[in-house]
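# Commentary on secondary and tertiary structure
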Amino acid sequence: DCREILLPTMTDQLKHHLERQEDLEACCQLLSNILEVLYKKDVGPTQRHVQIIMEKLLRTVNRTVISMGRDSELIV
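Quick caveat, the model's predicted, so the values are computed rather than measured. All chains use their own residue numbering, which begins from 1 and follows the written sequence. Under the rules for a predicted model, residues below a pLDDT of 70 receive no local features and side-chain atom pairs below 80 are neither given nor counted, while totals for whole chains, interfaces and linings still include all residues. Just so you know, side-chain values use all the structure's heavy atoms and leave hydrogens and water out.

## A look at the state of the cysteines
Two cysteine sulfur atoms form a disulfide, by the criterion used here, when they sit within 2.5 Å. The tally for this structure, following the rule as stated, stands at 0 disulfides. Cysteine C27 remains unbridged, with the sulfur of C28 as its closest cysteine sulfur at 6.9 Å. Note on C27: relative accessible area 7%, which makes it buried. Throughout, exposure labels follow a simple rule: accessible area from a 1.4 Å probe, protein chains only, divided by the maximum for the residue type, with under 20% read as buried, over 50% as exposed, and the rest as partly exposed.

Here's what the structure looks like:
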């Protein structure tokens, strides 16, 4: 139930910061943590939540990575 409330807010905030290229390391860590939790088997249904993340953030994440270039420390 908490994800229904928190996920849209968190993805909106992540998008805001990624578009402005603010706190990129913290954004990467937060998105990574969210996806790790959603990947676990014992957290209930997650398909809808992953879909929300994809719809809201995929384009923004792609643009951010492209603009960072290959020399960035955040790109592994």
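## A short note on the UniProt feature "domain: Dedicator of cytokinesis TPR repeats region" (unreviewed entry) in the protein chain
Per the UniProt record, "domain: Dedicator of cytokinesis TPR repeats region" (unreviewed entry) is annotated on residues 1-75. Only runs of H or I of at least four residues qualify as helices and only runs of E of at least two qualify as strands under DSSP, and these elements are numbered from the N terminus. With 75% helix and 0% strand, residues 1-75 has its two end C-alpha atoms placed 33 Å apart. UniProt positions are given in the numbering used here, feature names are shortened, and annotations may be inferred rather than shown by experiment.

## Observations concerning the packing of helix α2 (residues 24-39) against helix α3 (residues 47-68)
Think of each axis as a best-fit line through the C-alpha atoms, taken over the contacting stretch in the case of a helix, with angles from 0 to 180 degrees between the N-to-C directions. Between α2 and α3, the shortest axis-to-axis distance is 12 Å and the interhelical angle comes to 145 degrees. Note on packing geometry: the crossing formed by α2 with α3 is left-handed. Across the interface between the two elements, L24, L31, I34, L35 and L38 of α2 pack against H49, V50, I53, L57, V61, T64 and M68 of α3. In terms of residue class, the contact of α2 with α3 is made up of 10 nonpolar, 2 polar and no charged. It is the rotation of the near helix from the far one that decides the hand of a crossing: anticlockwise by less than a right angle makes it left-handed, clockwise makes it right-handed. Contacts are assigned to residue pairs with any non-hydrogen atoms lying within 4.5 Å of each other. Each residue is assigned to one class: nonpolar for Ala, Val, Leu, Ile, Met, Phe, Trp, Tyr, Cys and Pro, charged for Asp, Glu, Lys and Arg, and polar for all the others, Gly among them.

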